[in-house]
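Understanding the architecture of this molecule
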Amino acid sequence: QVQLVESGGGLVQPGGSLRLTCTASVNIFSIYAMAWYRQAPGKQRELVAVITSGGSTNYADSVKGRFTISRSIAGNTLYLRMNSLKPEDTAVYYCNADNRLSAYWGQGTQVTVSS
């Protein structure tokens, strides 16, 4: 069982930055893939960024060049650095852990981009 707790969301103006944090109950370097997803009102949940156990990363086209996914050296924290935020980035952001056998989700953290 993997427990995930997100934090760091909030209200930010367009062009601003936020860093989301996902604290895991296990060492995430052992997890096959860790990811951030988001879900806006009335829309399906979508993949934002993923990092594999080997360190490979991939991003949705809509966030490339603006968002960065990373892990703490200690191994129990996943980050999402979000720069140049746009109103369309407004959503609930979820942390996900995929160990191939099961997938685990956090409770989500709200990000609102508005002036």
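All residue numbers here refer to positions counted from 1 along the written sequence of the relevant chain. Totals for whole chains, interfaces and linings use all residues, but because this is a predicted model, local features are given only for residues with pLDDT of at least 70 and pairs of side-chain atoms are given and counted only at 80 or more. The basis for every side-chain value is the complete set of non-hydrogen atoms in the structure, without hydrogens or water.

Structural notes on the pattern of salt bridges
Salt bridges, as used here, are contacts in which a Lys or Arg side-chain nitrogen is within 4 Å of a carboxyl oxygen on Asp or Glu. Inspection of every chain in the model, using the stated rule, returns 4 salt bridges. Here Asp89 and Arg38 are joined by a salt bridge, their closest N and O atoms 2.9 Å apart. Of this pair, Asp89 sits in the loop between strand 8 (77–82) and strand 9 (91–98) while Arg38 sits in strand 4 (residues 33–39), and the two are 51 residues apart along the sequence. Neither residue differs from the other here; Asp89 and Arg38 are each classed as buried. With a shortest N-O distance of 3.2 Å, Lys64 and Asp61 are connected by a salt bridge. For Asp61, a relative accessible area of 66% corresponds to the exposed category. In the salt-bridge network here, residues are joined through shared partners; they are Arg38, Glu46, Arg66 and Asp89. To qualify as a helix, a DSSP run of H or I must reach at least 4 residues; to qualify as a strand, a run of E must reach at least 2; elements of each kind are numbered from the N terminus. Each residue is assigned to one of three classes by its accessible area relative to the maximum for its type, calculated with a 1.4 Å probe on protein chains only: buried under 20%, partly exposed between the two thresholds, exposed over 50%.

Observations concerning the pairing of strand 11 (residues 109–113)
Side-chain direction in a regular strand flips from residue to residue, so the side chains alternate between the two faces of the sheet. Burial along strand 11 is one-sided: Thr109, Val111 and Val113 are buried, while Gln110 and Thr112, pointing the other way, are not. Strand pairing requires that DSSP identify at least two bridges connecting the strands. In terms of strand pairing, strand 2 (residues 10–12) meets strand 11 through 3 bridges, oriented parallel. Each residue of the ladder has a partner; that of Gly10, found in strand 11, is Val111. One ladder, built from 3 bridges, connects strand 9 with strand 11; its direction is antiparallel. For Ala91, the partnering residue across the bridge sits in strand 11 and is Val111.

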